[in-house]
Amino acid sequence: MTGALQRFLPLIVTTAVLVVGFLLCAAQFPNFASWRVVGNLLTDNAFLGITAVGMTFVILSGGIDLSVGAVIGFTTVLLAVLIEQGGWHPVPAFAVALIAAGGFGAAMGGVIHVFQMPPFIVTLAGMFIARGLGFVLTTDSVPINHPLYGELNDMALRFDFGLKLSLPALLMLGVVLAAVVLAHWTRFGANLYALGGNRQSAELMGVPVARTTVAVYGLSGLLAGLAGIVFSLYTGAGYSLAATGVELDTITAVVIGGTQLTGGYGYVVGTFVGVLIQGLIQTYITFDGTLSSWWTKIAIGVLLFVFILLQKGLLVVWAGRGGEPAEA
Amino acid sequence: MTASTAPPSAPLLAIRGLSKAFLGVQALDGVDFTLRHGEIHALLGENGAGKSTLIKTLTGVYQRDGGTVALEGREIAPRGVEEAQRLHIGTVYQEVNLLPNLSVAENLFLGRQPMRWGLVDRGAMRRRARAVLQPYGLSIDVTAPLGRFSVATQQIIAIARAVDMSAKVLILDEPTASLDAQEVAVLFKVMRTLRSRGIGIVFVTHFLDQVYEVCDSITVLRNGRLVGERRTAELPRLDLVAMMLGRELEAAAHRIDLGPAEVDSRPPLASFKGFGKARSVEPFDLDIRPGEVVALAGLLGSGRTETVRLVFGMDRADRGEATVDGRTIRLKGPRDAVRLGFGFCPEDRKKEGIVGELSVRENIILALQARQGWLKPIPRRRQEEIADRFIRLLDIRTPDAERPIQLLSGGNQQKALLARWLATEPRLLILDEPTRGIDVGAHAEIIRLIERLCADGMALLVVSSELEEIVAYSRRVVVLRDRRHVAELRGGEVSVERIVAAIASETPHAIASETPATGSGAEVRQ
């Protein structure tokens with residue numbers, strides 16, 4: 001069916017870029033094509049992948065969430081302060097962090113809906129507030145030395161053929177799977193796409209706009225909080241400047257993954273592949289050893305540009321066909 | 001006033017004495033409307049008649065100020081679209097209010113997807129979608145995004161959704177506006193099927209042919225008041241048009257003698273042959289001579305505005321040819337039209353015309369500057385000269401030329417807009433509803449102005465709903481109906497009665513075969 005092919009084309013192209021990129025890397029560096037590299041790719045980008053899933057939902061619904069990087073930073077600080085200075089056990093600290101991050105997102109969603117404000121501005125304000133709150137707690141980088149952190153970091157799912165999936169990698173994969181189900185097998189998912197397609201029509205068709213808006217920003221905040229927990233596990237510290245600019249990396253992953261910034265079209269799986277492409281470029285530069293890490297940014301910038309042009313091209317082609325029936 | 005027999009039980013929908021005002025303007029004033037089971041009921045009226053207010057009150061978008069609405073004898077007052085849907089009132093708008101990015105199946109079942117184990121059962125949704133569409137003769141890929149289908153198919157899907165959500169009352173608000181004849185036929189078949197199932201359909205349209213083809217009853221509104229309800233079979237077209245326009249047909253038409261017809265022998269300034277655009281207006285022939293006022297008359301939605309949009313290049317014609325001074329021209333956009341010496345005063349001056357924040361002078365100079373190119377600014381002194389000249393000439397009431405134009409009254413804004421185009425010294429000026437929304441005094445001035453302009457040799461193409469005005473200043477009137485030029489009246493033929501008769505005529509008049517009533521109309525088309 002050409003229709004299905006057309007719909008999945010951005011996703012197919014993104015996946016092809018990942019596969020070709022991986023093969024090129026493997027051709028240049030003999031050690032590249034190993035399960036260890038794959039495992040590290042997943043672990044190193046877990047926090048980015050988890051955040052990007054939330055961002056995908058927000059963008060699908062026609063919004064944007066600029067606060068996620070700051071929420072990650074705030075979460076790491078909150079955890080460090082609760083565990084190290086407050087003497088909390090990590091588990092209740094995790095729960096508090098998730099509730100705070102989710103509540104923060106939901107509050108932004110509420111403001112966006114009630115005052116009909118542009119999400120860009122509201123979440124930009126949220127970004128400053130979350131960053132600022134982190135600094136209020138502490139300006140230092142606080143190491144987290146709780147024994148549970150060591151245990152969690154040692155936890156991994158090991159396969160016989162050599163793949164080792166760390167806890168962060170497992171969490172990301174779980175989040176992606178749950179997100180696919182949420183997007184395509186629940187009413188909430190359908191409502192998100194509806195909202196992103198045309199807000200007014202969605203409202204006329206009975207979509208609960210208020211509830212969905214609050215929920216999607218709450219979900220994005222919650223996932224940013226989870227990413228914050230993963231980030232604090234990964235770095236073993238809390239620092240209010242952590243994850244600066246991550247909101248832009250996640251938006252990049254979403255767009256490279258084939259989701260349209262205007263909302264309504266896209267797939268969670270695409271975002272996942274977009275995250276992996278960014279990770280792959282990073283890994284390549286590490287392997288090379290001579291390139292400046294800024295080449296990552298340049299490569300991602302070029303890639304982003306190419307993908308946006310590709311999407312625009314596809315839209316033009318579709319507009320030329322669909323809609324009006326074929327006429328001379 | 002109803003000619004129908006009294007129904008045995010309560011009618012499906014009974015509206016009595018419905019009133020609604022906005023900021024003191026009475027949009028609906030004691031309107032009655034009755035819809036019976038298994039009936040297609042046309043709701044007709046010109047601009048500002050109150051049709052959309054009536055519909056929005058029914059669908060819960062507006063709350064009524066007074067009157068009663070009863071559904072099968074039970075009083076209702078929906079406070080939102082959802083509640084109206086629960087009360088079995090479904091609406092399908094001209095702009096399909098579905099979601100182009102979702103699949104057909106998702107559009108049909110959004111918010112009421114079949115569930116299994118807490119998740120959407122996509123297989124069942126696809127099967128039920130196919131089943132829902134089957135009676136409409138639609139066998140399409142229900143997993144494809146809705147946006148890939150034609151507007152006609154989307155309309156039917158929207159209707160299927162509304163009906164499947166157990167609509168008893170189906171409101172179709174101009175569903176045929178963007179459909180071609182074949183698609184309309186399919187839609188009518190669907191409507192008749194639904195009627196036979198006992199559903200009551202409120203049909204809003206501007207196409208009289210369609211009213212007579214498919215409707216059982218007609219209710220006409222005008223200026224927020226009920227004009228009357230009739231059975232379609234008992235209402236001749238002429239009476240219907242008279243009801244809609246609110247005219248006593250025997251009213252004497254006063255006309256100003258515009259002198260002999262010597263200009264008619266001159267070659268046309270602009271000539272259009274078989275000019276038209278699919279889904280916009282049927283191909284038409286139109287000649288415009290220097291010093292002539294050609295008026296386009298017809299009901300709302302009859303194709304008047306579409307015609308002038310084609311002439312000015314705002315829409316691109318897909319058939320026919322246009323010549324100016326005997327040379328074939330191509331109109332790819334308004335820029336081409338401006339280069340040829342055309343000017344256009346649009347109907348909605350707030351949206352398409354004036355730039356509110358700019359001064360009167362800047363608004364007047366805009367089109368002239370645009371034609372010269374922005375790299376060659378008109379010297380300030382010259383700008384002031386031009387602005388002052390037109391402020392004097394058109395008697396634009398403003399303390400000075402530097403006042404922001406939004407502070408002026410509607411009539412003066414309209415005159416400034418006219419000045420903008422006059423400053424470019426156009427050869428053909430198009431005026432779309434030049435007198436709408438301006439007070440009576442300014443009205444008369446604009447008409448005098450039109451006469452003076454045409455005496456100076458400028459050609460004018462005017463769209464107007466004010467038939468008396470048309471008769472006063474125009475010696476050639478093209479009458480449109482259902483997106484088609486149906487008659488051309490010339491010279492002494494031009495009268496309100498003749499225009500109304502042409503609007504109500506059933507078969508399209510062959511333009512050239514119109515018998516000229518007086519000498520001035522006897523010229524032969526070249």
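Bear in mind the structure is a predicted one, so any value in this text is a computation, not a measurement. (Residues numbered from 1 in each chain as written. Chains lettered and ligands numbered in written order. Predicted model: local features only at pLDDT ≥ 70, side-chain atom pairs only at ≥ 80, totals over all residues.)

## Description of the sheet that holds strand 19 (residues 428-432) of chain B
The pairing of strands in a sheet happens through backbone hydrogen bonds and is either parallel or antiparallel. Residues and elements named next belong to chain B. What counts here: DSSP-based pairing: two strands are paired if at least 2 bridges between them are found. Numbering goes from the N terminus for both helices and strands, where a helix is a DSSP run of H or I of at least four residues and a strand is a run of E of at least two. Interaxial angles span 0 to 180 degrees and are taken between N-to-C directions of axes, which are lines fitted to C-alpha atoms, for helices over the stretch in contact.
With mixed pairing, the 6 strands of this open sheet are ordered in space as 18-19-20-15-21-22. Every other strand in the sheet has two partners, leaving strand 18 (342-345) and strand 22 (484-490) as the edge strands with one partner each. Strand-to-strand twist of the sheet, defined as the mean angle between neighbouring strand axes without regard to direction, takes the value 20 degrees. As paired elements, strand 21 (residues 476-481) and strand 22 share 6 bridges and run antiparallel to each other.

## Some thoughts on the interface of chain B and chain A
This is how the line gets drawn: Any residue pair is listed as a contact if its two C-beta atoms, each placed from the backbone, are within 7 Å. Residues are grouped as follows: Ala, Val, Leu, Ile, Met, Phe, Trp, Tyr, Cys and Pro are nonpolar; Asp, Glu, Lys and Arg are charged; every other residue, Gly included, is polar.
Every contact between the two is made by 21 residues of chain B and, on the other side, 22 residues of chain A. Of all the elements in the fold, those that place two or more residues in the side of chain B that touches chain A are helix 2 (81-86) and strand 8 (119-120) of chain B. Looking at the side of chain B that touches chain A, the element that brings in the most residues is helix 2 of chain B, giving 3 residues. Of the residues in the side of chain B that touches chain A, the class split is 10 nonpolar, 7 polar and 4 charged.

## Things to note about helix 9 (residues 304-311) of chain B
Residues and elements named next belong to chain B. Basically, it comes down to this: Residues with at least 20 other C-beta atoms within 10 Å of their own are called buried, those with 12 or fewer are called exposed, and the rest are partly exposed. The C-beta atoms themselves are positioned from the backbone.
In terms of residue burial, helix 9 counts as a mostly covered element, since 8 of its 8 residues are buried. Along helix 9, the residues classified as buried are Arg304, Thr305, Glu306, Thr307, Val308, Arg309, Leu310 and Val311. Contact partners of the buried residues in helix 9: strand 13 (270-277), strand 14 (281-288), strand 15 (293-298), strand 19, strand 20 (459-463) and strand 21. Where helix 9 ends, the next residue or the one after it, Gly313, has phi of about 80 degrees, a positive value.

## Remarks on the environment of Leu233 of chain A
Residues and elements named next belong to chain A. Relative to the assigned elements, Leu233 resides in helix 11 (residues 209-235). For Leu233, a count of 24 C-beta atoms within 10 Å translates into the label buried. Residues Leu233 and Pro143 lie 90 residues apart in sequence; the distance between their C-alpha atoms is 11 Å. Among all residues touching Leu233, those that are not within four sequence positions of it are Tyr149, Leu152, Asn153 and Pro168.

## Examining helix 6 (residues 181-196) of chain B
Residue and element names in this part refer to chain B. Condition: What a helix should span is 1.5 Å times the count of its residues minus one. Within this analysis, the arc is defined by the directions that extend from the helix axis to the C-beta atoms.
Spanning 16 residues, helix 6 covers 23 Å between terminal C-alpha atoms, matching the ideal 22 Å at 1.5 Å per step. Among the residues of helix 6, those classed as buried are Glu183, Leu187, Val190, Met191 and Leu194. Across the axial projection of helix 6, the buried residues extend over an arc of 100 degrees, all falling on one side. Exposed and oriented more than 90 degrees from the buried face of helix 6 are Ala181, Gln182, Ala185 and Ser196.

## Examining unusual backbone geometry
All names here are of chain B. If you check the backbone angles, Asp325 has positive phi at about 55 degrees while not being a glycine. The residue Asp325 is located in the loop between strand 16 (319-324) and strand 17 (327-329) in this model. A positive phi angle is found at Asp482, which is not glycine, with a value near 50 degrees. Structurally, the position occupied by Asp482 is in the loop between strand 21 and strand 22. C-beta crowding within 10 Å serves as the criterion here: with 20 such atoms nearby, Asp482 is assigned to the buried category.

## Here we look at the pairing of strand 10 (residues 200-204) of chain B
All names here are of chain B. When you tally the buried positions in strand 10, you get 5 out of 5 residues, the bulk of the element. Direction of pairing for strand 3 (residues 40-44) relative to strand 10: parallel, over a ladder of 4 bridges. Residue pairing across strands places His41 opposite Val202, the latter belonging to strand 10. Bridge analysis of strand 9 (residues 169-173) against strand 10 gives 5 bridges, and the strand direction is parallel. Following the sheet pairing, Leu170 is matched in strand 10 by Ile201.

## Regarding the packing of helix 8 (residues 167-185) of chain A against helix 13 (residues 268-288) of chain A
Residues and elements named next belong to chain A. Using the following cut-off: For this classification, under 35 degrees means roughly parallel, over 145 means roughly antiparallel, 65 to 115 means roughly perpendicular, and everything else is oblique.
At a closest axis distance of 9 Å, the pairing of helix 8 and helix 13 adopts a crossing angle of 150 degrees. With respect to their mutual orientation, helix 8 and helix 13 come out roughly antiparallel. Between helix 8, through Val176, Ala179, Val180 and Ala183, and helix 13, the contact on the second element is made entirely by Val268, Val269 and Phe272. Taken together, the residues of the contact of helix 8 with helix 13 sort by class into 7 nonpolar, no polar and no charged.

## Observations regarding the domain arrangement of chain B
All names here are of chain B. Threshold: These domain boundaries are the output of an automatic or database domain assignment.
In terms of domains, chain B is made up of domain 1 (10-79 + 200-245) and domain 2 (262-521). Measuring from the centre of the C-alpha atoms in domain 1 to the corresponding centre in domain 2 gives 33 Å. Facing the 13 residues of domain 1 at the interface are 12 residues of domain 2. Elements supplying a minimum of two residues to the side of domain 1 that touches domain 2: helix 7 (208-214) and helix 8 (237-245). Per-element tally for the side of domain 1 that touches domain 2: the top contributor is helix 8, with 7 residues.

## Thoughts on the sheet that holds strand 9 of chain B
Residue and element names in this part refer to chain B. The strand order across the open sheet built from 6 strands is 6-9-10-3-11-12, with neighbouring strands paired in mixed fashion. Looking at strand neighbours, the two that pair on one side only are strand 6 (89-92) and strand 12 (225-231), the edges of this open sheet. Geometrically, the sheet is characterised by an average inter-axis angle of 20 degrees between neighbouring strands, direction not taken into account. Relative to strand 11 (residues 217-222), strand 3 runs parallel, the two sharing 4 bridges. Bridged to Ala42 within strand 11 is Ile218. Across the sheet, helix 1 (residues 51-58) touches strand 3, strand 6, strand 9, strand 10 and strand 11, and the angle it forms with strand 9 is around 145 degrees.

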